[in-house]
Amino acid sequence: MTSANNPVENNYWVIVPAAGSGKRMGADKPKQYLPLNGKSLIAHTLENVRQWPGVKGVVVAIAVDDTEFKTLHCAQDPRIHTVTGGAERADSVLAALNYLSERQPAQTPVLVHDAARPLVNTDDIQKLLAASPIALLAQPASDTVKQSRECEDKSIVQQTLPRAQIWLAQTPQKAPLGLLREVLQKGLQENPAAITDEASALELAGHSPELVAACRSNFKVTHPADLILAEALINYRASESNSGSKL
Ligand SMILES: Nc1ccn([C@@H]2O[C@H](COP(=O)(O)OP(=O)(O)OP(=O)(O)O)[C@@H](O)[C@H]2O)c(=O)n1
Ligand SMILES: C[C@](O)(CO)[C@H](O)COP(=O)(O)O
């Protein structure tokens, strides 16, 4: 378990990529600004992040044409900094890492957390902080997993994969600042399509991130139905009788 003396728990920064356009959501504005129970999605996420134990500061990567972020209440928190993000998630994360590396030592632990994951719970953050220096939250697969191949105009099953070793990557993903910046830069030069999260860049460089099992409620708000699920969970947690819930 973590303790007040845990060096990671008391000395880490968070990077929040929030420069996406939310194509799969299909809304008339980027999904991070869609309302969820009276507040925007990103406001829920940042309010959650701000109460993680011992967080030193937060760098949010926002889109070049974003005019909304500065109007948020949480944007007034002096621990919250912004940078301009890039074309892909990895470019946005790298912009934040570049900003941070001019201000913090290379060994500073960094947790990268999607703006689109408002519901990560604090117990899972504690588990991640207590894990190996290179680690991520993830969810063990709970459905039967099929590998497909294309056949004429259809997808057909190639094989059923053994589910015991399948995990779905979530965020936060944790690594030391200097290392993460180096592997992300290198990965983006060598194989940008393969870099869909921080762990993939670390893996390409030969590291083996620890998988920390996390709650299903830490899903990424991606499609319209996810907004309804997120609202339901926010309401559930807000009700007094469920306030200690791990859901
Ligand atoms: N160029 C980008 C693309 C994505 N993100 C952020 O990365 C997180 C995870 O990405 P995803 O859920 O895929 O968001 P979008 O890219 O906005 O969604 P879509 O792929 O449907 O367009 C989100 O918080 C998103 O804002 C980012 O900072 N910069
Ligand atoms: C980082 C991530 O959230 C892990 O699941 C994910 O890879 C980013 O989202 P995308 O949908 O792949 O853009």
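Bear in mind the structure is a predicted one, so any value in this text is a computation, not a measurement.

It is worth spelling out the overall build of the protein chain at this point. Each helix and strand counted, the protein chain has 6 helices and 11 strands in total. Against the compact-globule benchmark of 18 Å for 247 residues, the protein chain has a radius of gyration of 18 Å, which places it among compact chains. Expressed as lengths along the three principal axes of its C-alpha atoms, the size of the protein chain is roughly 55 × 40 × 40 Å. Within the protein chain, the proportion of its 247 residues that are buried is 34%. Put simply, of all contacts in the protein chain between residues at least 6 apart along the chain, 72% involve residues at least 24 apart.

Bringing the sheet that holds strand S1 (residues 12-18) into the picture now. Read across the open sheet, the 7 strands follow the order S5-S4-S1-S6-S10-S7-S11; overall the sheet is mixed. Single-partner strands in this sheet number two, and they are strand S5 (80-84) and strand S11 (210-213). Along the sheet, successive strands turn relative to each other by an average axial angle of 25°, direction set aside. With 5 bridges joining them, strand S7 (residues 135-140) and strand S10 (residues 167-176) adopt antiparallel strand pairing.

What follows concerns the nonpolar core. Here is a general trend for soluble globular proteins: nonpolar side chains tend to be buried in one another's company. Formed by 56 residues in total, the largest nonpolar core has its most connected members in Ile15, Val16, Val93, Leu97, Val110 and Leu184. Residue contributions to this core peak at 7 residues, all from helix H2 (residues 89-101). Beyond its immediate chain neighbours, meaning those up to four positions away, valine 110 contacts Tyr12, Trp13, Ile15, Leu100, Lys174, Ala175, Leu177 and Leu180.

Around ligand 2, the structure places Arg89, Asp114, Ala169, Gln170, Thr171, Thr196, Asp197 and Lys220. No other element matches the 3 residues that S10 contributes to the shell around ligand 2. Residue classes in the shell around ligand 2 are distributed as 1 nonpolar, 3 polar and 4 charged.

What follows is about helix H1 (residues 41-50). Of all the 10 residues making up H1, 7 are buried; the element is thus mostly covered by neighbouring parts of the structure. Within H1 the residues assigned to the buried category are Leu41, Ile42, Ala43, His44, Thr45, Leu46 and Val49.

On to the UniProt feature "site: Positions MEP for the nucleophilic attack" (unreviewed entry) in the protein chain, then. Under the UniProt annotation, "site: Positions MEP for the nucleophilic attack" (unreviewed entry) lies at Arg163 and Lys220. Counting through the fold element by element, arginine 163 comes out in the loop between strand S9 (154-161) and S10. Setting aside its immediate chain neighbours within four residues, arginine 163 contacts Ala141, Thr144 and Val145. With respect to the element layout, lysine 220 can be found in the loop between S11 and helix H6 (224-238). Here lysine 220 falls in the partly exposed class, since 18 other C-beta atoms lie within 10 Å of it.

At the junction of threonine 171 and proline 172, the peptide bond is cis and its omega measures out at 5° in the coordinates. Its place among the elements puts proline 172 in strand S10. Positive phi is not limited to glycine here, since asparagine 37 has a value of about 50°. Along the polypeptide, asparagine 37 turns up in the loop between strand S2 (35-36) and strand S3 (39-40). In this model, glutamate 152 sits at a positive phi of 50°, which is unusual for a non-glycine residue. We classify glutamate 152 as exposed; it has 5 C-beta atoms within 10 Å.

Rules of the game
Residues numbered from 1 in each chain as written. Chains lettered and ligands numbered in written order. Predicted model: local features only at pLDDT ≥ 70, side-chain atom pairs only at ≥ 80, totals over all residues. Helix = DSSP H or I, 4+ residues; strand = E, 2+ residues; numbered from the N terminus. Rg over C-alpha atoms; globule rule 2.2 N^0.38 Å. Buried ≥ 20, exposed ≤ 12 C-beta atoms within 10 Å, placed from the backbone. Contact = placed C-beta atoms within 7 Å. Pairing = 2+ DSSP bridges. Axes fitted to C-alpha atoms, helices over the stretch in contact; angles between N-to-C directions. Core = buried A, V, L, I, M, F, W, Y, C linked by C-beta atoms within 7 Å. Near = placed C-beta within 6 Å. Nonpolar A, V, L, I, M, F, W, Y, C, P; charged D, E, K, R; others polar. UniProt positions renumbered as here; feature names shortened; annotations may be inferred.

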